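Breakdown of the fold
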Amino acid sequence: YEAILPDAPIVRIMPNTPALVNEGISALCFNENVDEIDKEFALKFMQNCGNVIATTEDKIDVITALSGSGPAFYFELIHLLAKSAQKLGLDYKDAILLSAQTALGSAKMLIENEFKVDPFYCINNSIKVLEPHLLVPNYLRDTEAERNLK
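Residues numbered from 1 in each chain as written. Predicted model: local features only at pLDDT ≥ 70, side-chain atom pairs only at ≥ 80, totals over all residues. Heavy atoms only, no water.

A look at the side chain of threonine 55
For threonine 55, the position within the fold is in strand β3 (residues 50-55). What makes threonine 55 buried here is its relative accessible area of 16%. Ignoring any residue separated from it by four or fewer positions in sequence, one finds threonine 55 in contact with Ala27, Leu28, Cys29, Ile60 and Ile63. (Helix = DSSP H or I, 4+ residues; strand = E, 2+ residues; numbered from the N terminus. Buried < 20%, exposed > 50% of the residue type's maximum accessible area, 1.4 Å probe, protein only. Contact = heavy atoms within 4.5 Å.)

Looking at unusual backbone geometry
Although it is not a glycine, asparagine 22 adopts a positive phi angle of roughly 60 degrees. You can see asparagine 22 is positioned in the loop between β1 (11-14) and β2 (24-30).

A few points about the side chain of serine 99
Along the chain, serine 99 turns up in helix α4 (residues 92-112). By relative accessible area, serine 99 is classed as buried at 9%. When neighbours within four sequence positions are excluded, serine 99 is seen to be in contact with Ile78, Leu81 and Ala82.

Structural notes on the environment of valine 34
Among the structural elements, valine 34 can be located in the loop between β2 and α1 (36-46). Along the chain, valine 34 and isoleucine 10 lie 24 residues apart, while their C-alpha atoms are 6.5 Å from each other. Ignoring anything within four residues of it in the chain, the contact list for valine 34 reads Pro9, Ile10, Val11 and Lys39.

Things to note about the pattern of salt bridges
Within this structure, the stated rule accounts for four salt bridges. Linking arginine 12 and glutamate 57 is a salt bridge whose minimum nitrogen-to-oxygen distance equals 2.2 Å. A residue pair is termed long-range when its members are at least 10 positions apart, and arginine 12 in strand β1 and glutamate 57 in the loop between β3 and α2 (60-68) qualify at 45 residues. Among the residues examined, arginine 12 registers a relative accessible area of 36% and is labelled partly exposed. Here glutamate 36 and lysine 39 are joined by a salt bridge, their closest N and O atoms 3.4 Å apart. Note that glutamate 36 and lysine 39 are positioned in helix α1 at a spacing of three residues, about one turn of the helix. Residue glutamate 36 is classed as exposed on the basis of its relative accessible area of 57%. (Salt bridge = Lys/Arg side-chain N within 4 Å of Asp/Glu carboxyl O.)

And the structure:
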């Protein structure tokens, strides 16, 4: 668009499907022609669909892969957990509610605790519920990056 309209203010927005229930996240990037008033308007407007972040054009493809495609991965994980519980005797409707609410609550805890929740311990840290290698194989982990996050 910038080649055709070089002086036009352009806002590129990457929302995700949870925006349909006002729980999405949208990433917005702005070209150099967008003034601060329009940036503020765009960010506030997209808050009607959930959270927003401002980013740069060079990061939008990664954001698309992560938050644009991410809901499908969470839907599949929630479904697989529920199907496993169903195989162990739970009604699927109860199992999907338990699984989905657990995901929702876990995400909320993570956000509200400034992303400092240790996923391998239960809430009171008295019972270890998972070993890291059982959740994510070591070959998928970047242990140095994980150390730097703590």
